[in-house]
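Structure at a glance
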Amino acid sequence: MAVATDRELLERWRSEPAPLLPLLHAFHERDGFVTEDALRAISRGLRTPLADLFGTVTFYHHLAREPGGAGAARVCTGLICRLNGAVELLERMRAEGAKAMPCSGGCDDPVHVLVGDDVLVGTAAGTLERRPALLPPLNPGDSRECVFSHIRTDDRARIDVYEDTGGYEALKNAVRDLTPQQVIEIIAASGLNGRGGAGFHTGTKWKLVAEAPGEPKTIVCNADEGEPGCFKDRVVMDYDPHAVIEGMALAAYATGATRGFIYLRYEYPRALVILENAIAEARQAGYLGESVLGTGSRFEIYVRRGAGAYICGEEGALLNSLEGRHPFPRNRPPFPVTRGYENKPTVVNNVETLAAAAHIVRNGADWYQSLGIGHHAGTKIVSLSGDIQRPGNYEVPLGFPLRTLLDDWAGGARPRRAIQAVTMAGLSGGFLVGSHLDITLDEPSLRSRGLFLGAGGIMVFDDSRDMIEMAHAAMEFFVAESCGKCFPCRIGTQRLEERLAGRAGPSDLGPWLDEVNDIGRTMKAISACGLGTAAPLISESLVKYFPEQVERHVRRSRDETATLKR
Amino acid sequence: MIMSNPDRKLQKMVIDGVEIDYTPGETIYQIADRSGKHIPTLCNDPRLEPFGGCRLCVVEVDGSSNPVASCTTKATPGMVVRTNTDCLEEYRRVLLELLVSENREIDVDTLRGYASQEFAELVDRYDARSGRFVGVRSGRSRTDDDNPFILRDYDLCISCYRCVRVCAEREGDYAISVMNRGFRTQITTEFEGLLADSACTFCGQCIQTCPTGALADRKAISAAELQGAVEKTRTVCPYCGVGCSVDILTKGDTIVGVHPAMDGPANLGALCVKGQFAFDFVQHQDRLSAPLVRGEDGELHETDWDTALDRAAAGFSDVVANHGRHSVYAVASGRAPNEAAYILQKFMRAGWGTNHIDNCSRA
Ligand SMILES: Cc1cc2nc3c(=O)[nH]c(=O)nc-3n(C[C@H](O)[C@H](O)[C@H](O)COP(=O)(O)O)c2cc1C
Ligand code: SF4
Ligand code: SF4
Ligand code: SF4
Ligand code: FES
C-alpha cells in the first residue's frame, strides 16, 4: 500500500470535526515521529499558527519528536506497576528504546506495557505476554449490579449479543414512547451522579444542556481515565461498548445533540478498535447516523484518541484538546453545559455514567435507586489494586462498607501482611489508614470526613511498603501532569516532590512541616483546577497518618546531605 | 409592555463591606480595581482576556467554599466579596515565596520594560524574599538569541504567559507559545528557534507586558550604566499616520528608550518595531550636525545655514519658474519631529501652491 501523502491525510481529516488529534496521530504513525514538515503541513492545512501547534505537541506525552519514537515500547511506571517490577522491566527494555509512561490503567494486571498498539503484561524478569483484559471478578455477595449486570456475557461487544439481553431497547423505547423531557426526568429521578470524579447530578446536567440556547449541541464521553489506579472505564469499553454508545444516544435524544465524541486515552488501543467496530455496527443498525431509528434526527459519534495527558480528563482541558487548542483547563463559569465544544452547549459525561444511563432508562429510576443501600441510590464501580488478594473492578452498591469490599470481596491483604493504607479517588484523595477504613462508600459520608470517592480508584498498600516512597511516587505523577497554567500547582507540585524525595527543603522537622503544609494549604485553596487542589492531599495525609515515617525521612535526608557535603 | 433589559441595569454587590454598583458583565477584579482596591495580580493585563493563572487575585465569596479568581469571575447580584482577609494575604505571600524560589535573583532595572517592576514590587509588598521553598529553578534563558531588540532572559520568567497572549491577542502574530507542561513549561517559538526566524515582528509588546523583566528591551538596558534618573516625556510616534502615543525615556539629554502609552487612544500600549526600537538615529554619530552643500567637485561640503538655504531656495524657484508649481514635491521624514512635518506641508502648500507633499512612512 502506498504511503499516504500529506495532502491525502489533510483531505481525509480536514472536513471532520475535531481534526487535530487524528491528524497528529496519522502523521506520527506514518513518519515514526512528529516531524517539522508534518507540523508545517498541518499548520497550513488547519490554519493554526505554527508556534501554537508546536507548543501543543510538546504538551502531549506520547507524541515523539525524534525519529522512531512513535514505535517505542512504553512501560507503565505507575505506583501499582512499580510494586510489580515496572522499574526493573523498564531498565531491561531501555536498550530497545522503551520509555516510561504514567499509570496507564492496567493496575488489575500489572505491569502494563504498550508496544505499538499491542497491550502486553510484563514482569520484572523481562517477560512480556499478550493476554485478554480481565473481566470484573464475579461479585461474591449477591449484590445486584447495574453497569456490570451483563458484562460477563461472551461476545457482549457484538451488537447482536448486546441486543439479545435487551440492548438498545432503552433507546428504541425512548424514541418511540418518551419525550426528551421524560428521559431527563428518569435520569434525574434515579439519583445518578457523575462517575468521573466530580459527582454532578446527571439529570440536571442533561436538563441544562437541553434548555441552553445554541446549536449544534454535543455529547462528549470522557474516556480519558487518567486517574492512577482507575481502570473501570476501560473494562466497560472493552466488554460492553454498546452500553456506552446507547448511553450517548440517549443523552443526545434527551438534549437534542447531533454529534458526539468519545475522548479516549491514548493508552487504550484495544478499546479504540472495539469502540470503532461497535460504532460501525450501531450505524449499520440505525442507532446512529443521519436519522436515528428513522426519527429524522441526526447523531454521529467520533472517537478521538488522546495523546497522553492526565489533565485532558478535566473537562475544560478535554474540550480544548478536542478543539486543537493548548490543553489548559478553562475558567469556570461558564460551564460546558452552556459553552462547551466550540462554545456550544455540551454534555461531558464519564463512560460509567453513560453506561449506567442506558441501564436506567431500560429498567427505570426506581430500579436504579433500589440498587443502593438505604437511601443511597445506585452503584459505583471501584477499581481495586495493589496489595490485595483479588484486585479488579467491583460494582458496589452505594453505602457499602469499605472493609467488606477489601476483606470479603477482594480477599484482604496478602498472607502474613496487613493493610497499611489505601488511597481514595485514585491518587486524588490522599491516603487513608486504620480506623478510617471503617467508612461506607457514598459521597455524603465520605465528604463529611473530607474524603471523596472520585472516579473510584482504591490502591492498597500493605505494611511492607515505605509510605514516603509511595507518596513521592504519587507526587512525581502530579509534577509530570501539572499543566502549568496556574502558579500554585505548577511550582507547588515540584516543591512537594523535592521534599518527599529528600532532595531539597529544610533539614529540621519543624520548618520542613511548615513548608509542606503551607504549600499544601495554598494549593488546596487556590489552584485553578482539581489537579492542583487534590495533589497536596497526598502530603497532607502522609504527614497526618505517618508522622514517624516523615520524621525519619527528614532526618535521613539531612544525614545524607551532610555526608554529601563532607 | 416595554421591559427594561435586565442586562443593562446597574446591579449591586458588596466588596469588603461596602455596597457597590456594577454593570452586568464586569468581573470582580474590574469592580474592585475601580473602587481603589489593590488586589495583587501577575497574569493580568487589562487589555488581554482574563487568564486566571497566577491566582494572586483570589478573593473570598460568600457561599463559595474556596476562594475564586477575581479576574475571571463575573459579579452577580448581591454577591458578597472580601479581598484582603488574613487568610488570603497568607496564600498570596506563600505564592510569592514560591515564585521567588523558582528564579535567579537580580535587581530588575526599570529599563527592562514598562511592567518589569510588577513582580519585584509585589515581592516587596508581601515581604516574600524569605528564602523558603528552595529547589531547582525553572527558567532557561535563551542566551543564544542574539537579536538586537529582545533579551530573552527566561531565568526570570514566572510563566504568566502575558507575552504569549499579547502576541496573539493584540499583535496577532502568534510568534511565541508555551511548550512542555508544569514546572518544565517554557516560552518558545516554533521548534525552539530564534525570534528572528519566527513570525515575530519585533513589535516589543511582549517586553512591555512582561511583569518580571524576563523579556527586556536590549537597546534600553544598554543604557543601564548611564548616570541619572529616567524621565518620561509623552509624545506621539512620528513614524506613521496611526499616531501611537509613546513615552520617550531619557537620562539627562540622552534618549534611552521608548514605552508605549498604555492609555494611548490609538494604540493602547501597542507599537511596531519602528516606534518601539528605532529611536537611536536622534543621537547617532552619523547624523548631520551642520548644513552641507554639493560643490563643483561633486562632493558635499560643510557650510553655514544662509548659504545652504539660499542654495535650496534658488533650486526650488528655478524648477517652479521653468516647469510650474506642480513640478516640486516634498517627502517629510518619519524621523523628523511632527512640528517639522507640519511646517514642510505648509511650505509646499502655502509656499509653492502644490499638494505634492507626503511622508515617508504611510502605514
Ligand atoms: C485533573 C482532572 C482529571 C479528570 N479526569 C477525568 C477522567 O479521566 N475521566 C472522567 O470521566 N472525568 C475526569 N475528570 C472529571 C471531569 O472534569 C468531569 O467532571 C467529568 O468528566 C464529568 O462527567 P460525569 O458527570 O459523568 O462524572 C477529571 C477532573 C480533573 C480535575
Ligand atoms: S491546578 Fe495544576 S493542572 Fe490545574 S490548571 Fe493549575 S497548573 Fe494546571
Ligand atoms: S515582539 Fe511582538 S511579534 Fe515578537 S514575540 Fe513579542 S509580541 Fe510577538
Ligand atoms: S517571559 Fe515574562 S510575560 Fe512571558 S511568561 Fe515569562 S514572565 Fe510572563
Ligand atoms: S490576575 Fe487573576 S489569576 Fe492572575
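Note that the structure is predicted; figures quoted are calculated from it, not measured.

1. Some words on the overall build of chain A
- The secondary structure content of chain A amounts to 24 helices and 16 strands.
- Taken over 566 residues, chain A has a buried fraction of 61%.
- When contacts within chain A are restricted to residue pairs at least 6 apart in sequence, those whose partners lie at least 24 apart make up 70%.
- For chain A, the exposed surface amounts to about 20,600 Å²; the carbon and sulfur share of it is 50%.

2. Describing the overall build of chain B
- Scanning chain B from terminus to terminus reveals nine helices and 16 strands.
- Here the C-alpha atoms of chain B give a radius of gyration of 27 Å, more than 25% beyond the 21 Å that 2.2 N^0.38 yields for 363 residues.
- Structurally, chain B occupies a C-alpha span of about 85 × 65 × 40 Å along its principal axes.
- In chain B, buried positions account for 48% of the 363 residues.
- Summarising the internal contacts of chain B: among those between residues at least 6 apart in sequence, 60% fall at separations of at least 24.
- Element-wise, carbon and sulfur atoms account for 52% of the exposed surface of chain B, whose accessible area totals about 18,300 Å².
- For chain B, the distance from the average site of its 39 positive side-chain charges to the average site of its 51 negative ones is 6 Å.

3. Describing the interface of chain A and chain B
- Facing the 50 residues of chain A at the interface are 46 residues of chain B.
- Summing both partners gives a buried area of about 3,900 Å² for chain A against chain B, and 59% of it is carried by carbon and sulfur.
- Among the residues chain A hides against chain B, the three largest losses belong to Phe487, Arg490 and Ile526 of chain A. Together they make up 19% of the total.
- Between Asp518 of chain A and Arg132 of chain B there is a salt bridge; the shortest N-O distance is 2.7 Å.
- The interface formed by chain A and chain B includes 24 residue pairs in polar contact (both at pLDDT 80 or more).
- When residues of the side of chain A that touches chain B are traced back to their parent elements, those giving at least two are helix H3 (36-46), helix H4 (50-59), helix H19 (467-481), helix H20 (487-501) and helix H21 (509-526) of chain A.

4. Some thoughts on helix H9 (residues 180-190) of chain A
All names here are of chain A.
- Within H9, burial applies to Val183, Ile184, Ile187 and Ser190. Buried residues of H9 fall within an arc of 130 degrees about the axis and therefore sit on the same side. In H9, the exposed positions angled more than 90 degrees off the buried face are occupied by Gln181 and Glu185.
- Residues of H9 that are buried sit in contact with helix H8 (169-177), helix H10 (202-211), helix H12 (241-255), helix H15 (351-363) and helix H16 (365-371).

5. Section: the site of ligand 1
Residue and element names in this part refer to chain A.
- Lining the immediate surroundings of ligand 1 are 20 residues, of which Gly196, Asn222, Asn349, Asn350 and Thr353 lie closest.
- Contacts to ligand 1 include Arg195, whose backbone N or O atom sits 3.1 Å from an oxygen atom.
- Within the backbone of Glu225, a nitrogen or oxygen atom sits 3.0 Å from an oxygen atom of ligand 1.
- In isolation ligand 1 exposes 610 Å². Once the protein is present, 90% of that is buried.
- Going through the elements one at a time, strand S9 (346-350) and helix H22 (530-534) are the ones with two or more residues in the shell around ligand 1.

6. Let's talk about unusual backbone geometry
- For the bond running from Glu215 of chain A to Pro216 of chain A, omega is -10 degrees, close enough to zero to count as cis.
- One can find Pro216 of chain A in the loop between H10 and strand S6 (218-223).
- Backbone torsion omega between Pro333 of chain A and Pro334 of chain A reads 0 degrees, so that peptide bond is classified as cis.
- Here Pro334 of chain A shows up in the loop between helix H14 (315-322) and S9.
- The backbone of Glu342 of chain A sits at a positive phi, close to 50 degrees, despite the residue not being glycine.
- Relative to the elements of secondary structure, Glu342 of chain A occurs in the loop between H14 and S9.
- One non-glycine residue, Asp16 of chain B, lies in the positive phi region at around 50 degrees.
- Looking at where Asp16 of chain B falls in the secondary structure, it is placed in the loop between strand S1 (11-15) and strand S2 (18-22).
- Using a relative accessible area of 23% as the deciding quantity, one classes Asp16 of chain B as partly exposed.

7. As for the pairing of strand S4 (residues 118-122) of chain A
Residues and elements named next belong to chain A.
- Of all five residues that make up S4, four are buried, and the element is covered over most of its length.
- One ladder, built from four bridges, connects strand S3 (residues 112-115) with S4; its direction is antiparallel. Across the sheet, residue Leu114 finds its bridge partner in S4, namely Val119.
- Taking the residues between adjacent antiparallel strands as the criterion, S3 and S4 are bridged by two residues, where Gly116 takes a positive phi near 60 degrees.
- Where S4 meets strand S5 (residues 128-129), two bridges bridge the pair, whose relative direction is antiparallel. Looking at the pairing, Gly122 lines up with Leu128 of S5.
- Turn length for the S4-S5 hairpin, with the two strands adjacent in sequence and antiparallel, is five residues, and the turn residue Gly126 shows positive phi of about 100 degrees.

8. Side note on the sheet that holds strand S14 (residues 431-432) of chain A
Residue and element names in this part refer to chain A.
- Across the sheet, which stays open at both edges, the five strands sit in the order S11-S10-S16-S13-S14 with mixed pairing between neighbours. The open sheet has two edge strands with one neighbour each: strand S11 (392-397) and S14.
- The pairing of strand S13 (residues 419-423) with S14 spans two bridges and is classified as antiparallel. By the bridge assignment for S14, Thr423 is matched with Phe431.

9. Notes on the site of ligand 3
Residue and element names in this part refer to chain B.
- Lining the immediate environment of ligand 3, one finds Ile150, Cys167, Asp173, Ile176, Cys200, Thr201, Phe202, Cys203, Gly204 and Cys206.
- Put simply, ligand 3 lies in the largest cavity.
- Residues of the shell around ligand 3, tallied by class, amount to seven nonpolar, two polar and one charged.

10. As for empty space enclosed by the protein
All names here are of chain B.
- Evaluation of the coordinates by the stated rule reveals nine cavities of 30 Å³ or more.
- Residue lining of the largest cavity: 18 residues in total, with Ile150, Cys167, Ile176, Cys200 and Cys206 positioned closest to the centre.
- Counting residues per element, the ones that place at least two in the lining of the largest cavity are strand S6 (150-152), helix H4 (162-171) and helix H5 (205-209).
- The leading source of residues in the lining of the largest cavity is H4, at three residues.
- Its residues assigned to classes, the lining of the largest cavity comprises twelve nonpolar, three polar and three charged.

11. Considerations on the environment of Glu548 of chain A
- Inspection of the secondary structure puts Glu548 of chain A in helix H24 (residues 547-565).
- Overall, Glu548 of chain A belongs to the exposed group, its relative accessible area being 55%.

12. Looking at the layout of surface pockets
Residues and elements named next belong to chain A.
- Reported here for the second largest pocket is a volume of approximately 780 Å³.
- At the level of secondary structure, the elements contributing two or more residues to the lining of the second largest pocket comprise H4, helix H5 (79-83), helix H6 (86-94), strand S2 (99-101) and H19.
- Looking at the lining of the second largest pocket, the element that brings in the most residues is H19, giving six residues.
- In the lining of the second largest pocket, the residues fall into 18 nonpolar, six polar and eleven charged.

Reading the values: rules and limits
- Residues numbered from 1 in each chain as written.
- Chains lettered and ligands numbered in written order.
- Predicted model: local features only at pLDDT ≥ 70, side-chain atom pairs only at ≥ 80, totals over all residues.
- Heavy atoms only, no water.
- Helix = DSSP H or I, 4+ residues; strand = E, 2+ residues; numbered from the N terminus.
- Buried < 20%, exposed > 50% of the residue type's maximum accessible area, 1.4 Å probe, protein only.
- Contact = heavy atoms within 4.5 Å.
- Areas by Shrake-Rupley, 256 points an atom, 1.4 Å probe, with all protein chains shown as cover.
- Rg over C-alpha atoms; globule rule 2.2 N^0.38 Å.
- Lys, Arg positive; Asp, Glu negative; His and termini not counted.
- Charge placed at Lys NZ, Arg CZ, Asp CG, Glu CD.
- Buried area = accessible area lost by both parts, 1.4 Å probe.
- Salt bridge = Lys/Arg side-chain N within 4 Å of Asp/Glu carboxyl O.
- Polar contact = N/O pair within 3.5 Å; in protein donor to acceptor, adjacent residues only side chain to side chain.
- Arc of directions from axis to C-beta.
- Near = heavy atom within 4 Å.
- Pairing = 2+ DSSP bridges.
- 1 Å grid on protein atoms, 1.4 Å probe; cavity = no way out; pocket = protein on both sides within 12 Å on 5 of 7 lines; lining within 4 Å.
- Sits in = over half its atoms within 2 Å of the grid points.
- Nonpolar A, V, L, I, M, F, W, Y, C, P; charged D, E, K, R; others polar.
- Points joined across faces, edges and corners; volume = space filled by probe spheres on them.

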